[in-house]
Amino acid sequence: MGLPVRAALLQVVNGPFVIDEVELESPRTGELRVRVTASGICHTDLTYRAGAGRFPLPAVLGHEGAGVVESVGEGVTDFAPGDAVVLSYFSCRACDTCASGHPAYCERGYAGNLSGARPDGSFPMRWRGEPVRSSFFHQSSFATHVLAHQHNAVKVDASAPLELLAPLGCGFQTGAGAVLEAFRLAAGQQLAVFGAGSVGLAAIMAARVSGAARIIAVDLSAERLELARELGATDTFLAHEPELTKTILKRTRGGVDFALECVGSPQVLRQAFDVTRPLGTCGLLGLPGRDAEVTLPMTALLSGKKLVGILEGDADPKTFIPKLIALHTEGRFPLEKLSRSHPFEAINDAVHAMETRTAIKPVLRMHGGSTR
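Small disclaimer: the values here were computed from a predicted structure and weren't measured.

A.B. asks: Help me understand unusual backbone geometry in this model?
C.D. replies: The omega angle of the peptide bond from Leu-57 to Pro-58 is 10°, so this bond is cis rather than trans. Secondary-structure assignment places Pro-58 in the loop between helix H1 (43-49) and strand E4 (59-60). Of note in the backbone geometry, Asn-14 takes a positive phi value of approximately 65° without being a glycine. Turning to its location among the elements, Asn-14 is positioned in the loop between strand E1 (3-10) and strand E2 (17-24). By relative accessible area, which is 46% here, Asn-14 ends up partly exposed. Although it is not a glycine, Arg-253 adopts a positive phi angle of roughly 60°.

A.B. asks: Explain the nonpolar core to me, please; I cannot follow it from the model alone.
C.D. replies: For soluble globular proteins, nonpolar side chains are generally found buried alongside one another. Counting 54 residues, the largest nonpolar core has Leu-168, Val-179, Leu-191, Leu-201, Ile-204, Leu-260 and Phe-333 as its most contacted members. The element best represented in this core is helix H6 (residues 198-210), accounting for 8 residues. Residues within four places of Leu-168 in sequence aside, it is in contact with Gln-173, Ile-321, Leu-324, Ile-325, Phe-333 and Leu-335. Judged by nonpolar contacts, the second largest core, of 43 residues, contains Val-36, Phe-136, Phe-137 and Ile-347.

A.B. asks: What should I look at first to understand the layout of surface pockets in this one?
C.D. replies: Regions of empty space are outlined by a rolling probe, equal in size to a water molecule, passed over the atoms. Here the second largest pocket is characterised by a volume of approximately 310 Å³. Forming the walls of the second largest pocket are 15 residues, and the residues nearest its centre are Glu-223, Leu-227, Arg-340, Thr-358 and Ile-360. Every element with two or more residues in the lining of the second largest pocket is listed here: helix H7 (222-231) and strand E17 (339-343). Here the element with the most residues in the lining of the second largest pocket is H7; it accounts for 5 residues.

A.B. asks: How should H6 be read in this particular structure?
C.D. replies: Every α-helical turn comprises 3.6 residues, leaving residues that sit three or four positions apart pointing alike. Between its terminal C-alpha atoms H6 stretches 18 Å, which fits the 18 Å expected from 13 residues at 1.5 Å a residue. In terms of burial, H6 is largely enclosed, as 11 of its 13 residues are buried. Those residues of H6 that fall on the buried side of the exposure criterion are Ser-198, Val-199, Gly-200, Leu-201, Ala-202, Ala-203, Ile-204, Met-205, Ala-206, Ala-207 and Ser-210. Once H6 finishes, Gly-211 follows within two positions and takes phi at roughly 85°, a positive value.

A.B. asks: How should I be thinking about the packing of helix H5 (residues 171-183) against helix H11 (residues 317-329) in this particular structure?
C.D. replies: Each packed pair of helices is defined by two parameters, the angle between the axes and the distance between the axes. Relative to each other, H5 and H11 sit at 95°, their axes nearing to 11 Å. It follows from the interaxial angle that H5 and H11 lie roughly perpendicular. Residue-level inspection shows Phe-172, Gln-173, Ala-176, Gly-177, Leu-180 and Glu-181 of H5 in contact with H11, the latter providing Pro-317, Phe-320, Ile-321, Lys-323, Leu-324 and Leu-327.

A.B. asks: Got a minute to help me understand the pairing of strand E12 (residues 214-219) in this structure?
C.D. replies: Regular strands place side chains that alternate from one sheet face to the opposite one. Counting buried residues along E12, 5 of its 6 residues qualify, which places the element largely inside the surrounding structure. Summarising the sheet, strand E11 (residues 190-194) and E12 pair through 5 bridges and their orientation is parallel. If you follow Val-193 over to E12, its bridge partner there is Ala-217. In this fold, the crossover linking E11 to E12 by way of H6 has right-handed handedness. Here 4 bridges tie E12 to strand E13 (residues 235-238), and the two strands are oriented parallel to one another. Paired with Asp-219 across the two strands is Leu-238, which belongs to E13.

A.B. asks: Sorry if this is basic, but what is going on with the sheet that holds E13 here?
C.D. replies: Two modes of strand pairing occur in sheets, parallel and antiparallel, and in both the strands are linked by backbone hydrogen bonds. Taken in spatial order, the 6 strands make up an open sheet running E13-E12-E11-E14-E15-E16, and their pairing is parallel. Pairing within the sheet leaves two strands with one partner each, and these edge strands are E13 and strand E16 (306-309). On average, adjacent strands in this sheet sit at an angle of 15° to one another, irrespective of strand direction. Of the strands in this sheet, E11, E12 and E13 touch helix H8 (residues 244-251), which is tilted by about 170° from E13.

Rules and cut-offs
Residues numbered from 1 in each chain as written. Predicted model: local features only at pLDDT ≥ 70, side-chain atom pairs only at ≥ 80, totals over all residues. Heavy atoms only, no water. Helix = DSSP H or I, 4+ residues; strand = E, 2+ residues; numbered from the N terminus. Buried < 20%, exposed > 50% of the residue type's maximum accessible area, 1.4 Å probe, protein only. Core = buried A, V, L, I, M, F, W, Y, C linked by side-chain atoms within 4.5 Å. Contact = heavy atoms within 4.5 Å. 1 Å grid on protein atoms, 1.4 Å probe; cavity = no way out; pocket = protein on both sides within 12 Å on 5 of 7 lines; lining within 4 Å. Points joined across faces, edges and corners; volume = space filled by probe spheres on them. Expected span 1.5 Å × (residues − 1). Axes fitted to C-alpha atoms, helices over the stretch in contact; angles between N-to-C directions. Parallel < 35°, antiparallel > 145°, perpendicular 65-115°, else oblique. Pairing = 2+ DSSP bridges. Right-handed = clockwise from strand over helix to strand, strands pointing away.

Next up, the structure:
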């Protein structure tokens, strides 16, 4: 008999989340049982809700959790009951890719993050007596309690505002990491960001931290572009402006050093690539459809332009999340301007707010409290 907890179950593709009681196993070797304080909702959650995972339902999604450790399994030495943690993506910490300093591309990453199961194929939760997919990013944080792994948990100060920090586990880490870790953008360089959602706005905040000379934001929403300016953008453009590419090339005198596509659209990726200067780098952060393709001019590649895909900002959460927390403490990474708090029971309202772009980063409160 497992621990009775509440979880938001997705039972049909694009259906509503239904909160019900499930049974949670005891922690296995290397695992932590975490009482979830809050969980951000990420675009990846909505994409998998729409059927991108192609795994059997029901399932418990969520991968931006934060909370307090209640118990630990065998072999766990760095965490103890009472520790406050932010949960991020899973990596094995043993494969060649992890050893090279790029855990976001872990050889066991798909099994540990996107299968809805543990890397060994098992499930931590049971619903109505049957196993349910409940290890999304080795956490499935749309629940009051979860089993995470010591490899995807980051210890934070006991007094840390967990509801505010929860989205650091994925969305904010992805945008800021692309700028600070993957690009290592230097003072005086230029960046263009296509898509002013949570990922794009985090990239803009990081670019300001780096001392970028020009930070361009492109989005469909004038309201979001106004917020982008508040957070550090020097130039903003509505996505449907005529001759947008030509305008940006002229404004930047030949193109930006770095560009980011944060939407997952082939057309937008082409725009981002086209405004990147020779020898510059264009990064893909948006999650595209499984069969999405993009066409690029080969002559532009001969100019030294690079196009790279970037997962999780190419950041190691064990070191990068504390860096972002320090920037927030200094007032240089104002997370509170992006988050909106919702009670766990209102998860479907929070999802609707994100789908309709009336909220940038909805955060679910599992046990009371408020993000702001």
